[in-house]
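Chain by chain, the residues:
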Amino acid sequence: MNEKAPKVFGFAGWSGSGKTTLIERVISHLASSGVRVSLIKHAHHEFDVDQPGKDSYRHRAAGASEVLVSSANRWALMHELRGEPEFTLRQAIAQFNPCDLVLVEGFKRESIPKLEVWRAEVGKALLFPGDPDIVALATDDSLPTDVREPSFSRFGLADVGKVAEFVMHHSCAV
């Protein structure tokens, strides 16, 4: 298979800012337009897609390196690192089947173009003044008086079509 590498675009923002909702809507918009979209969400904490008591959980807990659960509707592969280093963004992308675009939530230190999602009510500072890879902002709020208006694109949180178009035009290869 000699398909070209997918383009990559990231989303940044504090918990509760609306990243997941905006990403969900952008994926739906792009997928309905025929774009093959995959997503990587980086977790900074312990997470589990499996549940205690299930056979697959018990097999992993017993020491299996990988457990693949398959059905007529989906499959999931769980790989225990067991002391191995965490994936880099490139390694994570390499796990996907061919696609047109990989959206990334997390991996904030990676140098990829990102859109910041921000809500004043979360009570956290904007990220874009300190992150040169943020190339757009999605918010419905006024910026704090001590923050200069960004020189890049700004969208409302409901501007899904415009955000999707921006993402497609500003994504990059890694």
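If you're wondering where the values come from, they're calculated on a predicted model, not measured in any experiment.

Here 6 strands make up an open sheet; going across it, the order is β2-β5-β1-β6-β7-β8 and the pairing parallel. Edge positions in the open sheet fall to β2 (37-41) and β8 (153-155), since each of these has one partner strand only. With direction set aside, neighbouring strand axes in the sheet form an average angle of 25 degrees. Pairing geometry for strand β6 (residues 114-117) and strand β7 (residues 134-138), over 4 bridges, is parallel. Paired with Val117 across the two strands is Ala138, which belongs to β7. Lying on the sheet, helix α1 (residues 19-32) is in contact with β1 (7-12), β2, β5 (101-105), β6 and β7; it crosses β5 at an angle near 175 degrees.

Further remarks concern the nonpolar core. Ranked by size, the top nonpolar core spans 20 residues in total, and within it Phe9, Phe11, Leu22, Val26, Leu103, Leu115 and Val167 carry the most contacts. Mapped by element, the contributors of at least two residues to this core are β1, α1, β5, β6, β7 and α4 (160-170). Filtering out sequence-adjacent residues up to four positions away, Leu103 remains in contact with Phe9, Phe11, Ile23, Val26, Ile27, Val37, Ser38, Leu39, Ile40 and Val167. Membership of the second largest hydrophobic core comes to 10 residues, among which are Leu89, Ile93, Val102 and Ile112.

With that settled, consider the side chain of Thr139. In this fold, Thr139 is placed in the loop between β7 and β8. Overall, Thr139 belongs to the buried group, its relative accessible area being 4%. Polar contacts involving the side chain of Thr139 include one to the main-chain carbonyl oxygen of Trp118, which spans 2.7 Å.

Cut-offs used in this document
Residues numbered from 1 in each chain as written. Predicted model: local features only at pLDDT ≥ 70, side-chain atom pairs only at ≥ 80, totals over all residues. Heavy atoms only, no water. Pairing = 2+ DSSP bridges. Helix = DSSP H or I, 4+ residues; strand = E, 2+ residues; numbered from the N terminus. Axes fitted to C-alpha atoms, helices over the stretch in contact; angles between N-to-C directions. Contact = heavy atoms within 4.5 Å. Core = buried A, V, L, I, M, F, W, Y, C linked by side-chain atoms within 4.5 Å. Buried < 20%, exposed > 50% of the residue type's maximum accessible area, 1.4 Å probe, protein only. Polar contact = N/O pair within 3.5 Å; in protein donor to acceptor, adjacent residues only side chain to side chain.

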